[in-house]
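# Analysis of the macromolecular model
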Amino acid sequence: MTRPIRPLDPAEAEALAEAHASAFERPWSPAAIAEVMAMPGVSGLGIEDEQGRVSGFVLVQAASEDAEILTLAVRPEARRRGLGLALTEAAATAAATAGASVLWLEVAEDNAAALALYASAGFEPAGRRPGYYRTASGARTDAVLMRRALNRPDG
């Protein structure tokens, strides 16, 4: 059983970095997460397991008409339970509430699970960034730029 999605605080950067490290080859440090969370327009939303440990989180930044999912991480042991989709929808709601009409993200072209998740959440490919991501071995892979139109509460 998981708890509801809740707002995150930059003081939780250590726990978020640990969750991020479980999900990515090249994780963000606690300092990087705290720095991103302190940026204007950034919201952090997370979900915990029954022990109170962060199972997954998303950082989204809204700026005027556009918003971007900066990162979304779900621990491997918590995957395939709908957390990624729930966090994506929470990010879309937060972005729309902040006034954005489009939500953007980038995902590695070889991340089939994430591409499927985002497609199921209504994102469509909108471009590529050649060699954008670097793997732990130093290889490069393209990023797929994806977008989703948002229905804002004000109109």
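This write-up is about the structure you can find in this document. (Residues numbered from 1 in each chain as written. Predicted model: local features only at pLDDT ≥ 70, side-chain atom pairs only at ≥ 80, totals over all residues. Heavy atoms only, no water.)

### With respect to the nonpolar core
Which entries qualify depends on this criterion: The set of buried Ala, Val, Leu, Ile, Met, Phe, Trp, Tyr and Cys residues whose side-chain atoms join them within 4.5 Å is what this entry labels a nonpolar core. Think of it in three bands: with a 1.4 Å probe and only protein chains considered, a residue is buried below 20% of the maximum accessible area for its type, exposed above 50%, and partly exposed in between. By definition, any uninterrupted DSSP run of H or I lasting at least four residues is a helix, any uninterrupted run of E lasting at least two residues is a strand, and each is numbered from the N terminus. Here, residues are in contact when the closest pair of their heavy atoms is within 4.5 Å.
Ranked by size, the top nonpolar core spans 29 residues in total, and within it Ile-69, Leu-103, Tyr-118 and Phe-123 carry the most contacts. Among the secondary structure elements, those contributing two or more residues to this core are β2 (42-48), β3 (54-63), β4 (66-74), α3 (83-97), β5 (102-108), α4 (112-120) and β7 (140-149). If you tally residues by element for this core, the top one is α3, at seven residues. Sequence-distant contacts of Phe-123, defined by excluding residues within four places in its chain, comprise Ile-69, Thr-88, Leu-103, Leu-105, Tyr-118, Met-146, Arg-147 and Arg-148. Core analysis: the second largest hydrophobic core is formed by 13 residues, Val-36, Met-37, Phe-57 and Leu-59 among them.

### A look at the pattern of salt bridges
Note the following rule: A side-chain nitrogen of Lys or Arg and a carboxyl oxygen of Asp or Glu constitute a salt bridge if their distance falls within 4 Å.
The tally for this structure, following the rule as stated, stands at nine salt bridges. A salt bridge links Arg-53 to Asp-49; the nearest nitrogen and oxygen atoms lie 3.6 Å apart. Using a relative accessible area of 11% as the deciding quantity, one classes Asp-49 as buried. For Glu-77, the salt bridge is made with Arg-53, and the minimal N-O distance between the two is 2.4 Å. Here Arg-53 lies in the loop between β2 and β3 and Glu-77 lies in the loop between β4 and α3, a separation of 24 residues in the sequence.

### Description of the packing of aromatic side chains
How we decide: Here a Phe, Tyr or Trp ring, Trp counted by its six-membered ring, pairs with any other such ring whose centre lies within 6.5 Å, and the pair is stacked when the planes are under 30 degrees apart, edge-to-face when over 60, and tilted otherwise. Whether a charge lies above a ring is judged from NZ of Lys or CZ of Arg, which has to be within 6 Å of the ring centre and within 35 degrees of the ring normal.
Tallied over the entire structure, the rule returns two aromatic pairs. Ring geometry for Tyr-118 against Phe-123: centres 5.7 Å apart, planes inclined by 70°, an arrangement best described as edge-to-face. Each member of the pair Tyr-118 and Phe-123 is classed as buried. Residues Tyr-132 and Tyr-133 carry aromatic rings whose centres are separated by 5.0 Å and whose planes lie at 90° to one another, so their mutual orientation is edge-to-face. Given a relative accessible area of 41%, Tyr-132 falls into the partly exposed group. Over the ring of Tyr-132 we find Arg-129; its NZ or CZ atom is 5.8 Å from the centre of that ring. In this structure, Arg-147 is placed above the aromatic ring of Trp-104, and the distance from its NZ or CZ to the ring centre is 5.5 Å.

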